[in-house]
Amino acid sequence: MVETVKNYINGQFVPSKSTQTTDVINPATMELLCHTPTGHEDDLNAAVEAAAAAFPAWRDTPAVDRVQYFFNFKTILEKHYEELATLVVKEHGKTYKEALGDVRRAIQMVETAIGLPALLRGEYKDNVARNIDSMAQRRPLGVFACIAPFNFPAMVPYWFFPFAVAAGNTYIIKPSELVPLTQVRMFELIHEAGFPKGVINMVHGGKDTGNQILTHPGIKGISFVGSTPVAKHIYSTGTAHGKRVQALGGAKNCLVILPDASMEKSVQAMVESCYGCAGERCLAGSVLVGVGPAYNKMKELAVKYASEIVVGDGMDPKTTMGPVVTAAAKQRILDDINKAVEEGAELLLDGRPLASMKGNFIGPTIFDHVKPDSIIATKEIFGPVIGLMQVKDLDEAIAMINSSNYGNTASLFTSNGAAVRHFIQNVQPSMVGINLGVPAPMSIFGFGGSKDSFFGDIKGQIESIDFFTEKHISMIRWFSEDLTDVSSPHWST
Ligand code: NAD
């Protein structure tokens, strides 16, 4: 019997009221792993009720006491580090090494949230007017929720929930229906860490549960990560219902190389960026841009390194690239490759033959002579497919990057400091890499892009402390006559 995963509400694992489910299939072996309930409105209502009931006591628990649960949780997560990574490989398909990275990032968020008491300190200014002092306290707001994508089953909800909860809010996570198992195990560990009932809850479901979160009157704010069309919908609907919303969307990332770059190491990093996690990363490179004479060498090395990639089950130590997540994703990517061929892009490396293997496999694919308005240059393919372009100078590369609707990340490979400065100053994507193909900001910085890659104003990770608190301002006046009263004889009688 294949299990249907349970929700975690008010400190207990409980079955969903939904009778419909989504199959969760190991994308390498095609084994049916479990079913995800498609969600029932009573499930979310129960989670919001539990989170709302837990909020007053959790808010009033001193921050230094709240983070003790996270200290405990961090130790427990370390004990289960490899086990969690194995689950990520099974349900998502990435390699074991990549899965370790996914879990490690989640743990780092917990570590950073442990330091929150220092950051929750407020502000105070005496004498803002005569005899009046003013203070700002950071206050939690209530129940927050996260709607997560499939591509980092462990990490993404952790960009938000540890900061929200350490700040005194209560929380609901809706994992992606495609990869629920990692979060189910992480919730068993949350339970073991002893967090009070109702403080952290999990509700499974798909689009309907996502939409219920958007309009539920008991939810104060939503952190969403996923594709751009859904991010736009989440932002507009959530804010129209009076909620705080931060919505991280899709991407189309360019990696640029100048002739003075350290060629081998740079192209290795570029290729790793494109094909790591089978291209299913919001920071994955998808267009490689060679400036002037850098182009020919970049092309030669990119084809060489991409051809050396070993495609297979992520649990096999020889594998350097796993499958894509679902059969539907595989078909969509194959359709995009066919469309690019029809558009006339030159196929240098064809990943389609590997699609005949059992599993959701596609080999590394490279197109050359990609036109700026073609599918390969503009669409987020979210698979192991990239395009190569040549431009005459750095400004042409920057103009190409800035012409995209997306603005998640861009990287430059060079040894020229002035070029680096010019690039950083002029590119619009808000996460920039210099001689790095995947410049994912660490937990102690914000995480999020610009333009159609991000809707909202406060980003994830540590920066989200502003999202999860409001500054409560008090103006305080004491009358000087009262001071006289303190020393007056009537106090002692
Ligand atoms: P998706 O948009 O299909 O789904 C994301 C989540 O939204 C899932 O939990 C899903 O159940 C829910 N959902 C889907 N449609 C909905 C709707 N109409 N209303 C409410 N909820 C809905 O994304 P995905 O395929 O799971 O993830 C891949 C995408 O995520 C890519 O576009 C990738 O670039 C993006 N992503 C972005 C970042 C970032 O930092 N910007 C990070 C990771 C992934």
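Please read all numbers here as calculations on a predicted model, not as lab measurements.

S.K.: Please explain the pattern of salt bridges as it appears in this structure.
M.R.: Think of it this way: side chains of opposite charge can pair up when their charged atoms draw near. Going through the model one piece at a time under the given rule, you end up with 22 salt bridges. Residues lysine 232 and aspartate 452 are paired through a salt bridge, measuring 3.6 Å at the closest nitrogen-oxygen approach. Taken together, the residues span a long stretch of sequence, with lysine 232 in helix 9 (residues 228-240) and aspartate 452 in the loop between strand 21 (450-451) and strand 22 (454-455) at a distance of 220 residues. The exposure class of lysine 232 is partly exposed, given its relative accessible area of 41%. Accessibility expressed as a relative area gives 19% for aspartate 452, which makes it buried. Counted as one network, the salt bridges with shared partners bring together Lys74, Glu78, Arg104 and Glu111.

S.K.: Would you take a moment to explain the domain arrangement of the chain for this structure?
M.R.: Where interface size is given, it is often the accessible area lost as the parts come together that is meant. Segmenting the chain into domains produces domain 1 (7-249 + 453-475) and domain 2 (253-434). Each of domain 1 and domain 2 has a C-alpha centre, and the two are 31 Å apart. Counting residues at the interface gives 20 residues for domain 1, matched by 25 residues for domain 2. Taking both partners together, domain 1 and domain 2 bury about 1900 Å²; carbon and sulfur atoms supply 62% of that area.

S.K.: Looking at this model, I keep getting lost on the layout of surface pockets. Mind explaining?
M.R.: A water-sized probe rolled over the atoms picks out the places where empty space is left. In this model, the largest pocket occupies a volume close to 1000 Å³. Breaking the lining of the largest pocket down by element, the ones donating at least two residues are helix 8 (207-215), strand 10 (221-225), helix 9 and helix 12 (327-343). Broken down by element, the residue count for the lining of the largest pocket peaks at five residues, all from helix 9. Grouping the constituent residues of the lining of the largest pocket by class yields 23 nonpolar, 13 polar and seven charged. Each of domain 1 (7-249 + 453-475) and domain 2 (253-434) accounts for three or more of the residues forming the lining of the largest pocket. Lining the second largest pocket are 29 residues, and of these Glu98, Glu272, Gly276, Cys277 and Arg281 lie nearest its centre. Secondary-structure elements contributing two or more residues to the lining of the second largest pocket are helix 4 (96-114) and helix 10 (263-275). Among the elements that make up the lining of the second largest pocket, the one with the highest residue count is helix 4 (seven residues). A breakdown of the residues in the lining of the second largest pocket according to their chemical character gives 14 nonpolar, seven polar and eight charged.

S.K.: For this particular structure, what's the right way to read the site of the ligand?
M.R.: If you check the shell around the ligand, you find 28 residues, and the closest are Ala148, Glu177, Ser227, Gly249 and Glu380. In this structure, glycine 226 approaches the ligand through a main-chain N or O atom, which is 3.3 Å from an oxygen atom. Contacts to the ligand include glycine 249, whose backbone N or O atom sits 2.8 Å from a nitrogen atom. When the ligand is considered free in solution it has 850 Å² of accessible area, and contact with the protein chains removes 89% of it. When each cavity is represented as a set of grid points, the ligand is found to reside in the largest pocket. Taken together, the elements giving at least two residues each to the shell around the ligand come down to helix 8, strand 10 and helix 9.

S.K.: What exactly am I supposed to notice about the side chain of serine 176 here?
M.R.: Mapped onto the fold, serine 176 is located in the loop between strand 8 (170-174) and helix 7 (181-193). You can call serine 176 buried: its relative accessible area is 5%. Setting aside anything within four residues of it in sequence, one finds serine 176 in contact with Ala148, Pro149 and Phe150.

Reading the values: the criteria
Residues numbered from 1 in each chain as written. Predicted model: local features only at pLDDT ≥ 70, side-chain atom pairs only at ≥ 80, totals over all residues. Heavy atoms only, no water. Salt bridge = Lys/Arg side-chain N within 4 Å of Asp/Glu carboxyl O. Helix = DSSP H or I, 4+ residues; strand = E, 2+ residues; numbered from the N terminus. Buried < 20%, exposed > 50% of the residue type's maximum accessible area, 1.4 Å probe, protein only. Domains from an automatic or database assignment. Contact = heavy atoms within 4.5 Å. Buried area = accessible area lost by both parts, 1.4 Å probe. 1 Å grid on protein atoms, 1.4 Å probe; cavity = no way out; pocket = protein on both sides within 12 Å on 5 of 7 lines; lining within 4 Å. Points joined across faces, edges and corners; volume = space filled by probe spheres on them. Nonpolar A, V, L, I, M, F, W, Y, C, P; charged D, E, K, R; others polar. Near = heavy atom within 4 Å. Polar contact = N/O pair within 3.5 Å; in protein donor to acceptor, adjacent residues only side chain to side chain. Areas by Shrake-Rupley, 256 points an atom, 1.4 Å probe, with all protein chains shown as cover. Sits in = over half its atoms within 2 Å of the grid points.

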